[in-house]
Amino acid sequence: MRPSLRKPTQMRPVSMETGVNKWAEGSCLIKMGGTTVLCTATVDLNQPTWKRLQNKTGGWVTAEYSMLPRANATRKTRDNIMKDHRSAEISRIIGRALRSVVDMEALGRHTITIDCDVIQADGGTRCASITGGFVALVLAVRWLLNTGRIHENPVHEHVAAISAGLWHNELILDLDYEEDSTAEMDANFVVSESGRFIEVQSTGEQHPFEKSQLGELMDMAATATQKLIELQKQVLE
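Residues numbered from 1 in each chain as written. Predicted model: local features only at pLDDT ≥ 70, side-chain atom pairs only at ≥ 80, totals over all residues. Heavy atoms only, no water.

Thoughts on the sheet that holds strand β3 (residues 35–44)
One open sheet holds the five strands; their spatial order is β1-β2-β3-β5-β4, and the pairing between them is mixed. Both edges of this open sheet fall to β1 (14–18) and β4 (60–67), since each of them pairs with a single strand only. Across the sheet, the mean angle separating the axes of adjacent strands is 15° when strand polarity is ignored. Contacts from helix α3 (residues 85–99) reach β4 and β5 (111–120) within the one sheet, and its direction differs from that of β4 by about 145°. Where helix α6 (residues 211–236) meets the sheet, it contacts β1 and β2 (26–32), and its direction lies at approximately 30° from that of β1. (Pairing = 2+ DSSP bridges. Helix = DSSP H or I, 4+ residues; strand = E, 2+ residues; numbered from the N terminus. Axes fitted to C-alpha atoms, helices over the stretch in contact; angles between N-to-C directions. Contact = heavy atoms within 4.5 Å.)

A word on the nonpolar core
Residues Ile112 and Leu137 are the most contacted members of the largest nonpolar core, which totals 63 residues. No other element matches helix α4 (residues 125–146), which puts twelve residues into this core. With residues up to four places along the chain from it excluded, the contact list for Ile112 reads Ala41, Thr42, Val43, Trp60, Val61, Thr62, Leu107, Leu137, Ala140, Val141 and Leu144. (Core = buried A, V, L, I, M, F, W, Y, C linked by side-chain atoms within 4.5 Å. Buried < 20%, exposed > 50% of the residue type's maximum accessible area, 1.4 Å probe, protein only.)

Here's the deal with the pairing of β5
Two elements, β3 and β5, share nine bridges in a ladder whose sense is antiparallel. Paired with Thr42 across the bridge in β5 is Thr113.

Focus: the packing of aromatic side chains
By the definition in use, this model includes two aromatic pairs. With centroids separated by 5.0 Å and ring planes inclined at 90°, the aromatic side chains of Trp50 and Trp60 adopt a geometry described as edge-to-face. Placement of Trp50 in helix α1 (residues 49–53) and of Trp60 in strand β4 is noted, with a sequence separation of ten residues between them. Plain terms: the ring middles of Phe189 and Phe197 are 6.2 Å apart, the flat faces sit at 75° to each other, and that makes the pair edge-to-face. On the accessibility criterion, Phe189 (0% relative accessible area) is buried. (Phe/Tyr/Trp six-rings, centres within 6.5 Å; stacked < 30°, edge-to-face > 60°.)

Regarding α4
In a regular helix each residue adds 1.5 Å, so 22 residues correspond to 32 Å; α4 covers 31 Å between its end C-alpha atoms and thus fits that length. In terms of burial, α4 is a largely internal element, 18 of the 22 residues being buried. Note on α4: the residue one or two positions beyond its end, Gly148, has a positive phi of about 75°. (Expected span 1.5 Å × (residues − 1).)

A few points about the sheet that holds strand β7 (residues 170–173)
Here four strands make up an open sheet; going across it, the order is β7-β6-β8-β9 and the pairing antiparallel. The sheet is open, and its two edges are formed by β7 and β9 (197–204), each paired on a single side. Going from strand to strand, the sheet's axes swing by 15° on average, the running direction of each strand aside. Across four bridges, the pairing between strand β6 (residues 159–167) and β7 is antiparallel. Along β7, the bridge assignment pairs Trp167 with Glu170.

Listed below in structure tokens is the structure:
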């Protein structure tokens, strides 16, 4: 039995709240079980420097991820947060996930930065950041449309993410920290609204895993992310 008493394919309770930051062009507070992430979207009315220097057209979407000092059971100093290579890698993952569903030419010569700050961590923080970060991105795009900065929606479909893995020889969905820390296999899946996979990260933590196990987890993740996308649509109405 899972520590949370959930069924193998059962996600934790999920909620998303928009408009939680009055300064950001888009914001979303997402909660997935005990994990809470504040996602804000900031619009820069210029291209990133590297695009300008290379005389590139179109805009850009990027992301920055970090955990607050007391997001975990043990306090993490702010100096260590600044040097956290894990956070840098997760930032790149979030950026790739969101860029995959955005037409950079339609975005115009603008840069949207998604900041994902983990307030409380209990597993699945990168997945929550991608799922909530997308909502903040859409709101920022709406701001660009409403202010006449762009004239067509550059976001062509939704995207969401979920974790899954092998725990006590059982395939389970949406791992919390207790499960993640002892899992035999840990995976994260980023899936588009059309059901296509954007990113698959999977590691055999204790021993190699079977191809069939990864396939089963992909099926579980595809179903779960569609539920998350439906929730995104509800909060964006």
